Amino acid sequence: RDPEAGIGILARARAHLPAILRALREARLPYRAVEIDSLAAAPVVADLLVLTRALLHPADRIAWLALLRAPWCGLTLADLHALVADAPQAAVWDLIQDRQRVAVLTPEGRARLERVEAALAEVLAHRRRSLRAWIEGAWLALGGPACASGPADLEDAEAFISLIEELDEGGDLDLELLEQRVRELYASPDPTAGERLQVMTIHKAKGLEFDVVIVP
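Just so we're clear, the structure is a prediction, and the values are computed from it rather than from any experiment. (Residues numbered from 1 in each chain as written. Predicted model: local features only at pLDDT ≥ 70, side-chain atom pairs only at ≥ 80, totals over all residues. Heavy atoms only, no water.)

Examining the pairing of strand β1 (residues 7-11)
Phase 1: Most of β1 is tucked away, with five of its five residues classed as buried.
Phase 2: For β1 and strand β3 (residues 197-201), the ladder comprises five bridges, and the chain directions are parallel. Looking across to β3, one finds that Gly 8 is bridged to Gln 198.
Phase 3: As judged from the three bridges shared by β1 and strand β4 (residues 212-214), these two strands associate in the parallel manner. In the sheet register, Gly 8 faces β4, and the bridge partner there is Val 213. (Buried < 20%, exposed > 50% of the residue type's maximum accessible area, 1.4 Å probe, protein only. Helix = DSSP H or I, 4+ residues; strand = E, 2+ residues; numbered from the N terminus. Pairing = 2+ DSSP bridges.)

Let's talk about the environment of Arg 12
Phase 1: One can find Arg 12 in the loop between β1 and α1 (18-26).
Phase 2: In this structure, the C-alpha to C-alpha distance between Arg 12 and Pro 216, residues 204 residues apart in sequence, is 8.0 Å.
Phase 3: With near-sequence residues (within four places) excluded, Arg 12 lies in contact with Ile 202, Val 215 and Pro 216.
Phase 4: Polar side-chain contacts of Arg 12 include one of 3.5 Å to the backbone oxygen of Pro 216. (Contact = heavy atoms within 4.5 Å. Polar contact = N/O pair within 3.5 Å; in protein donor to acceptor, adjacent residues only side chain to side chain.)

Topic: the nonpolar core
Phase 1: Of all hydrophobic cores here, the largest spans 51 residues; its most connected members are Leu 67, Leu 68, Leu 83, Phe 160 and Leu 178.
Phase 2: The set of elements that each furnish at least two residues to this core consists of α2 (43-56), α3 (61-69), α4 (77-84), α5 (92-96), α7 (107-125), α8 (131-142), α9 (151-167) and α10 (175-184).
Phase 3: When sequence neighbours within four positions are dropped, the list of residues in contact with Leu 67 reads Val 50, Leu 51, Ala 54, Trp 72, Cys 73, Val 116 and Leu 120.
Phase 4: Judged by nonpolar contacts, the second largest core, of eleven residues, contains Ala 11, Tyr 31, Ile 36 and Val 199. (Core = buried A, V, L, I, M, F, W, Y, C linked by side-chain atoms within 4.5 Å.)

Re the packing of aromatic side chains
Phase 1: Overall, the coordinates contain one aromatic pair when judged by the stated rule.
Phase 2: Note on Trp 64 and Trp 93: the rings are 5.7 Å apart at their centroids and 35° apart in plane angle, and the pair reads as tilted. Here Trp 93 lies in helix α5 and Trp 64 lies in helix α3, a separation of 29 residues in the sequence.
Phase 3: Here Trp 64 falls in the buried class, since its relative accessible area comes to 1%. (Phe/Tyr/Trp six-rings, centres within 6.5 Å; stacked < 30°, edge-to-face > 60°.)

What follows is the structure in structure tokens.
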């Protein structure tokens, strides 16, 4: 009611907040969350994790299907079904390169798939010594940054790519450890949300002042 009032939603524990954050997003109310959202929940990080799994394990069918559904490709379920449904044992990358199979897709689906194939063919043909450079190069080639919704997404992507660099063991990567570490990190606050509505734990709010305080 008061557009100038500062509002703090303070929770006793982070587990009390997911439904509230979802409601704020649905109501299009911009908020700044401080060490609340898991990095794993950030869409850009989920897409990067899919890309990492697919590149490191060409036979990971689920990862490859998710890669083709990600924003940088956006293949429809109908085109995806036409591409892979009758070949459950084949590697998805091999099916992508099957010209007769790709020809049955919709014109838009073919265009999307051909763009992704061109980007990934270059990446897969030149595995770089640095795992970070390889994954980041693939993400850039696919147009990943253009799929980010704002500066916070790009910061989250950088945090994920830096984590790959930290866990890189001579070109090998423990994916279970990567996923665990991603769950332990927090997504960046939305820098465009301003200070009016902030969400945090009571512990994190020590020393701060708000005109309105809500403690769920």
